[in-house]
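Tertiary structure, described
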Protein chains: 2
Amino acid sequence: MNEGHPHLVIVGGGFAGLWATRALADAPVRITLVDRHNYHLFQPLLYQVATAGLSAPDIAAPLRHILRHQRNVEVWLGEVVALDPDARQVRLGDGATLDYDHLVLASGATHAYFGHDQWARHAPGLKTLDDAVYLRRKLLMAFERAEAETDPEASAAWLSFAIVGAGPTGVELAGTLAEIARHTLRNEFRHIDPRLARVRLVEAGPRVLASFPPDLTESAQRQLERLGVEVVTGTPVTHIDGTGFQLGGEWIPARTVVWAAGVAASPLGALLGVPCDRAGRVVVEPDLSVPGHPEIFVGGDLAAVKRENGAPVPGVAPAAKQMGKHIAASIRARLRGEATTPFHYQDLGNLATIGRMAAIVHFGKLKLSGVVAWWFWLAAHVWFLIGFRNRFVVLVNWAMAYWSYQRAARIIFGEAEEPPDDDVTRLPPRDPS
Amino acid sequence: MNEGHPHLVIVGGGFAGLWATRALADAPVRITLVDRHNYHLFQPLLYQVATAGLSAPDIAAPLRHILRHQRNVEVWLGEVVALDPDARQVRLGDGATLDYDHLVLASGATHAYFGHDQWARHAPGLKTLDDAVYLRRKLLMAFERAEAETDPEASAAWLSFAIVGAGPTGVELAGTLAEIARHTLRNEFRHIDPRLARVRLVEAGPRVLASFPPDLTESAQRQLERLGVEVVTGTPVTHIDGTGFQLGGEWIPARTVVWAAGVAASPLGALLGVPCDRAGRVVVEPDLSVPGHPEIFVGGDLAAVKRENGAPVPGVAPAAKQMGKHIAASIRARLRGEATTPFHYQDLGNLATIGRMAAIVHFGKLKLSGVVAWWFWLAAHVWFLIGFRNRFVVLVNWAMAYWSYQRAARIIFGEAEEPPDDDVTRLPPRDPS
């Protein structure tokens with residue numbers, strides 16, 4: 001366990017934290033990786049769990065298992081609730097404290113309701129596995145309630161779905177939900193026609209998938225519409241309750257509204273007492289360290305990093321992995337008493353899936369859309385499910401879902417009526433030594 | 001929808017109810033299949049979900065999907081809370097009522113704590129998918145808490161597991177849990193050695209798997225012990241709380257106790273106002289109808305049926321399927337104004353799995369145990385996952401689990417600290433017409 005070596009605490013087992021941890025496998029440090037969950041989550045496929053295409057375990061692997069052979073790591077299931085940069089100490093929800101020599105904060109992001117937190121209960125977001133299972137239940141139950149409802153208007157409100165926010169997650173959810181309504185549920189109901197379900201994708205900004213060039217954006221919107229999604233851009237949602245939402249001047253009845261609009265960095269950033277951007281991301285030094293605290297690094301969605309051209313580094317998995325590896329290199333440099341180097345984001349391109357055989361891809365000069373882009377996206381994502389023993393299972397599930405239009409995980413369970421509390425652990429206090 | 005045909009209400013989409021429904025596909029009846037869940041559950045593999053070998057959707061398929069092409073069936077998500085045999089009416093939890101001409105009750109069984117209901121919160125049982133997800137979380141969290149615990153005694157209590165009841169479920173859970181502790185978690189913890197976990201299987205009766213002949217029972221116990229399970233028979237558990245349990249004269253610290261001892265029939269049987277056996281099973285006529293109510297049939301675990309030799313028909317899936325089919329035949333006979341025939345249970349033999357490469361099989365003269373029996377069991381169960389599009393996925397998961405000792409679904413989610421409420425539906429009242 002590298003006793004006597006400096007103690008590195010890494011908060012967050014996502015792409016940034018896990019890649020940093022792995023890259024320090026043979027480094028002379030004692031690593032404690034702290035995460036609220038016992039698993040690493042393959043976030044890019046979370047929408048597939050929410051739409052019943054995959055089951056939760058397909059996209060999650062236990063951190064302890066991934067790191068079982070890396071003897072300089074201890075995995076700690078817990079939630080960091082406070083940190084003291086001067087005392088070099090973090091405190092966990094169970095009261096335990098950890099002293100560190102180096103600290104990596106990679107606790108990611110959560111939803112933001114732009115000051116409308118009361119919308120949260122009516123329009124759940126999709127960040128955690130529990131969010132996904134809850135959302136799956138909510139989406140499937142809406143069809144059940146429409147079927148059970150005798151008043152046609154009330155039934156129609158249950159068949160009215162809205163996704164707020166047309167970023168990648170919103171687009172994926174809208175496209176897949178339209179497919180479920182049009183194909184997956186065919187013949188299954190006796191009182192409703194699921195194909196009459198309305199799936200609205202509403203975006204306050206001027207276009208969907210705004211991180212792509214306009215021509216690809218237009219293609220994405222056409223592909224969405226072909227799948228049966230009604231796209232409304234340039235109009236903000238001004239109110240949401242359990243019965244519907246206000247879109248510009250129009251009140252739209254909808255019993256199911258999903259929030260895919262706002263992202264806010266994990267609150268841990270604010271605990272550092274250094275400047276953060278509007279989303280709460282920590283404005284880091286070029287080497288991803290915290291101003292005034294060279295022993296603290298921030299990576300992944302929690303870090304506000306600019307590219308050479310001044311554009312922000314996007315909150316995508318490849319960027320988080322790159323940051324994690326760079327932080328590991330910076331820590332090695334510090335351990336050797338050498339200078340750290342600035343982080344350079346290597347843009348691997350931008351992919352977004354829209355639905356069945358629909359996607360857009362942007363790699364420098366290369367622009368793809370439609371079927372080709374979709375296969376490209378599929379190959380990339382299956383490939384990157386690395387370290388998951390069930391990658392093959394995912395492939396099988398997808399293949400079957402593709403040919404049968406069916407979705408392997410279409411069961412309603414996890415009885416919570418409200419999104420479950422995210423803190424999985426009630427661990428007893430413990431001496432960190 | 002066979003308007004004008006007699007209305008058959010089938011309560012329960014398990015093996016008995018679903019097989020009865022399917023067997024009436026071309027019969028001149030309007031069928032309403034009522035279930036609390038939207039899926040048919042392959043109960044024999046529930047323990048695999050509880051022990052993280054399979055994910056919940058692997059063993060559940062949506063009833064609507066299974067029956068989508070059977071036009072004389074309407075699937076209704078709801079829970080029957082009352083029935084009036086004289087008015088021929090059932091009432092659902094949401095207040096809706098269903099009038100029937102014929103009624104099939106196949107609502108199965110639940111756990112029984114023999115009058116010690118206060119044990120339920122300390123020793124959860126395993127009957128539903130939510131039970132399984134909750135149990136998985138509880139089992140995996142126990143190792144996490146042992147790891148976080150600094151007091152050796154307290155840590156040992158978290159590594160002390162007990163399964164109460166050595167029927168098939170108790171044996172499966174004990175054998176698999178021992179494998180998890182000894183193999184699956186190897187190398188993953190830094191403060192505890194999971195192999196030191198103690199897995200006790202305690203049975204008040206004289207032997208494990210008492211439904212098998214004594215020689216196979218002895219083999220089963222030897223196989224359990226080889227897997228690392230401590231088997232204690234002939235000793236009743238007299239007290240259970242969150243810290244341990246009283247076994248005969250001994251108090252055994254154990255933070256995790258699982259209840260696999262008692263089964264009680266669904267409370268619906270009692271609503272009939274006819275004689276039930278001690279477990280609450282309805283004592284039915286030879287044709288599985290209810291005494292005095294030829295229009296009501298009872299099947300599956302809710303029915304108390306004797307075999308020709310006077311022995312009870314066991315509460316296993318093949319028996320439930322046979323009853324379901326027989327009930328369908330009886331209803332057809334009634335519709336034709338013909339006499340019904342008595343139910344004859346065809347014993348297809350008795351299988352029980354114990355763990356990795358360990359099982360016992362009893363087919364008439366044929367008795368197998370160990371590796372051969374295990375492959376036999378595996379083949380039979382994978383084969384009988386019929387109607388599940390993901391049968392192949394199950395096979396893949398198992399193959400991988402077998403070779404790697406890993407378990408695909410080893411993630412802690414479903415944040416409920418308590419077993420979730422089983423009533424999934426809050427459907428608005430609705431006119432059954």
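Residues numbered from 1 in each chain as written. Chains lettered and ligands numbered in written order. Predicted model: local features only at pLDDT ≥ 70, side-chain atom pairs only at ≥ 80, totals over all residues. Heavy atoms only, no water.

1. Considering the overall build of chain A
Along chain A, the regular secondary structure elements total 10 helices and 25 strands. Within chain A, the proportion of its 433 residues that are buried is 58%. Look at the contacts in chain A between residues 6 or more apart in sequence, and 65% of them connect residues 24 or more apart. (Helix = DSSP H or I, 4+ residues; strand = E, 2+ residues; numbered from the N terminus. Buried < 20%, exposed > 50% of the residue type's maximum accessible area, 1.4 Å probe, protein only. Contact = heavy atoms within 4.5 Å.)

2. A look at the UniProt feature "domain: FAD/NAD(P)-binding" (unreviewed entry) in chain A
In the numbering used here, UniProt assigns the "domain: FAD/NAD(P)-binding" (unreviewed entry) feature to residues 7-324 of chain A. From the first C-alpha to the last, residues 7-324 of chain A spans 17 Å; its make-up is 26% helix and 29% strand. (UniProt positions renumbered as here; feature names shortened; annotations may be inferred.)

3. Some words on the sheet that holds strand E16 (residues 250-253) of chain A
All names here are of chain A. Taken in spatial order, the three strands make up an open sheet running E14-E15-E16, and their pairing is antiparallel. In this open sheet, the two strands that pair with only one neighbour each are strand E14 (237-241) and E16. Averaged over all adjacent pairs, the angle separating strand axes in this sheet is 15 degrees, with direction ignored. Pairing analysis gives four bridges linking E14 to strand E15 (residues 244-247), with the strands arranged antiparallel. By the bridge assignment, His239 is partnered in E15 with Gln246. (Pairing = 2+ DSSP bridges. Axes fitted to C-alpha atoms, helices over the stretch in contact; angles between N-to-C directions.)

4. Some thoughts on the domain arrangement of chain A
All names here are of chain A. The domains assigned to chain A are domain 1 (7-111 + 263-335) and domain 2 (117-256). With centres defined by C-alpha atoms, the gap from domain 1 to domain 2 works out at 32 Å. Taken together, the contact pairs 20 residues of domain 1 with 15 residues of domain 2. With both chains or domains summed, domain 1 and domain 2 bury close to 1500 Å², and 68% of this area falls on carbon and sulfur atoms. (Domains from an automatic or database assignment. Buried area = accessible area lost by both parts, 1.4 Å probe.)

5. Regarding the pairing of strand E6 (residues 80-84) of chain A
Residues and elements named next belong to chain A. Note that E6 and strand E7 (residues 89-92) share four bridges and pair antiparallel. Across the sheet, the residue bridging to Ala82 is Arg91, located in E7. Hairpin connection of E6 to E7: four residues between the antiparallel strands, including Arg88 at a positive phi of 50 degrees.

6. Some remarks on the sheet that holds strand E12 (residues 198-203) of chain A
All names here are of chain A. Spatially, the four strands line up as an open sheet ordered E13-E12-E11-E17, and their pairing is parallel. This sheet does not close on itself; its edge strands, each paired only once, are strand E13 (229-233) and strand E17 (256-259). The mean angle between the axes of side-by-side strands here comes to 20 degrees, regardless of whether they run parallel or antiparallel. Bridge count between E12 and E13: five bridges; the pairing is parallel. Looking at the pairing, Glu203 lines up with Thr233 of E13. Contacts from helix H4 (residues 129-148) reach strand E11 (160-164) and E17, with the element oriented near 160 degrees to E17. Sitting on the sheet, helix H7 (residues 214-227) touches E12 and E13, and the angle it makes with E13 is about 140 degrees.

7. Structural notes on the pattern of salt bridges
All names here are of chain A. The tally for this structure, following the rule as stated, stands at 26 salt bridges over all chains. Between Arg200 and Glu230 there is a salt bridge; the shortest N-O distance is 4.0 Å. Residue Arg200 is found in strand E12, and its partner Glu230 is found in strand E13; the two are separated by 30 residues along the sequence. The shortest N-O distance in the salt bridge between Arg281 and Asp277 comes to 2.9 Å. Arg281 sits in the partly exposed class, given a relative accessible area of 29%. Judged by its relative accessible area of 25%, Asp277 is partly exposed. Residues participating in the shared-partner salt-bridge network are Arg198, Arg200 and Glu230. (Salt bridge = Lys/Arg side-chain N within 4 Å of Asp/Glu carboxyl O.)

8. Digging into the environment of B:Ile327
All names here are of chain B. With respect to the helices, strands and loops of the structure, Ile327 is situated in helix H8 (residues 317-335). Each C-alpha atom of the pair Ile327 and Ala20 lies 6.4 Å from the other, and the pair is 307 residues apart in sequence. Apart from residues lying up to four places away in sequence, Ile327 is in contact with Val104, Leu288, Phe297, Val298 and Gly299.

9. Section: unusual backbone geometry
Residue and element names in this part refer to chain A. Phi is positive for Met357, which is not a glycine, with a value near 60 degrees. Following the sequence through the fold, Met357 ends up in the loop between strand E23 (350-355) and strand E24 (358-363). Take Met357: its relative accessible area is 23%, and that puts it in the partly exposed class.

10. Observations regarding helix H4 (residues 129-148) of chain B
Residue pairs spaced three or four apart in an α-helix point in one direction, given the helix's 3.6 residues per turn. Over its 20 residues, H4(B) extends 29 Å from the first C-alpha to the last, a length consistent with the 28 Å expected when each residue adds 1.5 Å. A large share of H4(B) lies buried, amounting to 20 of its 20 residues. (Expected span 1.5 Å × (residues − 1).)

11. Re the packing of helix H6 (residues 168-184) of chain B against helix H7 (residues 214-227) of chain B
Residues and elements named next belong to chain B. Between H6 and H7, the shortest axis-to-axis distance is 9 Å and the interhelical angle comes to 25 degrees. In terms of orientation, H6 and H7 fall into the roughly parallel class. In this structure, H6 crosses over H7, and the sense of that crossing is left-handed. Here H6 contributes Val171, Gly175, Ala178 and Arg182 to the contact with H7, which in turn contributes Leu224, Arg226 and Leu227. Of the residues belonging to the contact of H6 with H7, the class tally is four nonpolar, one polar and two charged. (Parallel < 35°, antiparallel > 145°, perpendicular 65-115°, else oblique. Left-handed = near helix turned anticlockwise from the far one by under 90°. Nonpolar A, V, L, I, M, F, W, Y, C, P; charged D, E, K, R; others polar.)

12. A closer look at the confidence of the model for chain A
In regions of low pLDDT, the predicted coordinates are not meant to be interpreted in detail. Confidence along chain A averages 89 in pLDDT terms, with 89% of residues attaining 70 or more. Here residues 415-433 of chain A scores under 50 on pLDDT; set against residues more than four positions off or in separate chains, the count is 62 contacts. (pLDDT = per-residue confidence, 0-100.)

13. Here's the deal with the environment of A:Ala380
Residue and element names in this part refer to chain A. Among the structural elements, Ala380 can be located in helix H9 (residues 371-384). Accessibility expressed as a relative area gives 17% for Ala380, which makes it buried. C-alpha of Ala380 to C-alpha of Ala304: the two residues are 76 residues apart in sequence and 26 Å apart in space.

14. Here's the deal with the packing of aromatic side chains
Residue and element names in this part refer to chain A. Across all of its chains, the model carries 19 aromatic pairs over all chains by this definition. A connected cluster of aromatic rings, assembled from ring pairs, spans Tyr113, Phe114, Trp119 and Trp259. Above the plane of the ring of Trp19 lies Arg22, whose end atom (NZ or CZ) is 4.8 Å from the centre. (Phe/Tyr/Trp six-rings, centres within 6.5 Å; stacked < 30°, edge-to-face > 60°. Lys NZ or Arg CZ within 6 Å of the ring centre and 35° of its normal.)

15. A few points about H8(B)
A rise of 1.5 Å per residue sets the reference length of H8(B), with its 19 residues, at 27 Å; its end C-alpha atoms lie 27 Å apart and thus fit the reference within 8%. At the C-terminal side of H8(B), B:Gly337 shows a positive phi close to 70 degrees.

16. A closer look at the environment of B:Glu308
All names here are of chain B. One can find Glu308 in the loop between strand E22 (303-304) and H8. In the structure, Glu308 is positioned 118 residues away from Arg190 in sequence and 58 Å away in space, judged by C-alpha atoms. Discounting residues that sit within four places of it in the chain, Glu308 has contacts with Phe343 and His344.

17. Side note on a nonpolar patch on the surface
A cluster of nonpolar side chains, namely A:Val371, A:Val372 and A:Trp375, defines an oily patch on the protein surface of about 280 Å² accessible area. Assignment of secondary structure puts A:Val371 in helix H9. (Patch = residues over 30% accessible without salt bridge, like charges linked within 9 Å, V, L, I, M, F, W, Y side chains within 5 Å. Areas by Shrake-Rupley, 256 points an atom, 1.4 Å probe, with all protein chains shown as cover.)

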